[in-house]
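Each chain is listed here by its residues.
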Amino acid sequence: ADHVPVRLVMSIIGPGCEYIPHEVEIMGSSSNMRLVDRNALNTLDEDDTRIANDIIVPPNLNTEAVTSAKEGDAVLLMGRAWEDSSEGD
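Residues numbered from 1 in each chain as written. Predicted model: local features only at pLDDT ≥ 70, side-chain atom pairs only at ≥ 80, totals over all residues. Heavy atoms only, no water.

## Quick look at the overall build of the protein
Helix and strand content of the protein: four helices and four strands. Starting at the N terminus and ending at the C terminus, the protein contains elements arranged as β-β-α-α-α-β-β-α. Residues classed as buried in the protein amount to 19% of the 89 residues present. Taking the intrachain contacts of the protein between residues at least 6 apart in sequence as the baseline, contacts between residues at least 24 apart amount to 74%. Carbon and sulfur atoms make up 53% of the accessible area of the protein, which amounts to about 6,700 Å² in all. (Helix = DSSP H or I, 4+ residues; strand = E, 2+ residues; numbered from the N terminus. Buried < 20%, exposed > 50% of the residue type's maximum accessible area, 1.4 Å probe, protein only. Contact = heavy atoms within 4.5 Å. Areas by Shrake-Rupley, 256 points an atom, 1.4 Å probe, with all protein chains shown as cover.)

This is the structure:
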């Protein structure tokens, strides 16, 4: 598995990645449905990326929660090792 502390993702040409900002995920956690299945992020064994993405982020999610980076935007994404390093704090 790919367990790194942080990733830098940047689209040089074309649309950037889509992500759910941490602040939005926290606000969504007060409802019965979490925006992101964090357990699936770290234990998922699915080769089909469409299916994997639907497991991690439900397809019926309010699309306003999803942010799209633009061409040239640099996005820092926290990885599993980031979560592990913050548990000791």
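## Concerning the nonpolar core
In terms of nonpolar packing, the biggest core is built from six residues, these being Ile-20, Leu-35, Val-36, Ala-40, Ile-56 and Ala-65. Setting aside anything within four residues of it in sequence, one finds Ala-40 in contact with Ile-55 and Ile-56. (Core = buried A, V, L, I, M, F, W, Y, C linked by side-chain atoms within 4.5 Å.)

## Points about the pattern of salt bridges
Under the definition given, this model contains one salt bridge. The salt bridge partner of Arg-50 is Asp-54, with a shortest N-O separation of 3.5 Å. Of this pair, Arg-50 and Asp-54 both sit in helix H3 (residues 49-56), four residues apart, which is roughly one turn of that helix. Judged by its relative accessible area of 31%, Asp-54 is partly exposed. (Salt bridge = Lys/Arg side-chain N within 4 Å of Asp/Glu carboxyl O.)

## Some words on a nonpolar patch on the surface
Nonpolar side chains collect at one region of the surface, where Val-6, Leu-8, Leu-76, Met-78 and Trp-82 lie side by side and expose about 530 Å² of accessible area between them. Listed by contribution, the elements that provide at least two residues to the nonpolar patch are strand S1 (6-10) and strand S4 (74-78). (Patch = residues over 30% accessible without salt bridge, like charges linked within 9 Å, V, L, I, M, F, W, Y side chains within 5 Å.)

## Some words on the environment of Asn-39
Structurally, the position occupied by Asn-39 is in helix H2 (residues 38-43). Overall, Asn-39 belongs to the exposed group, its relative accessible area being 62%. The sequence separation of Asn-39 and Ile-56 amounts to 17 residues, and the corresponding C-alpha distance is 8.4 Å.

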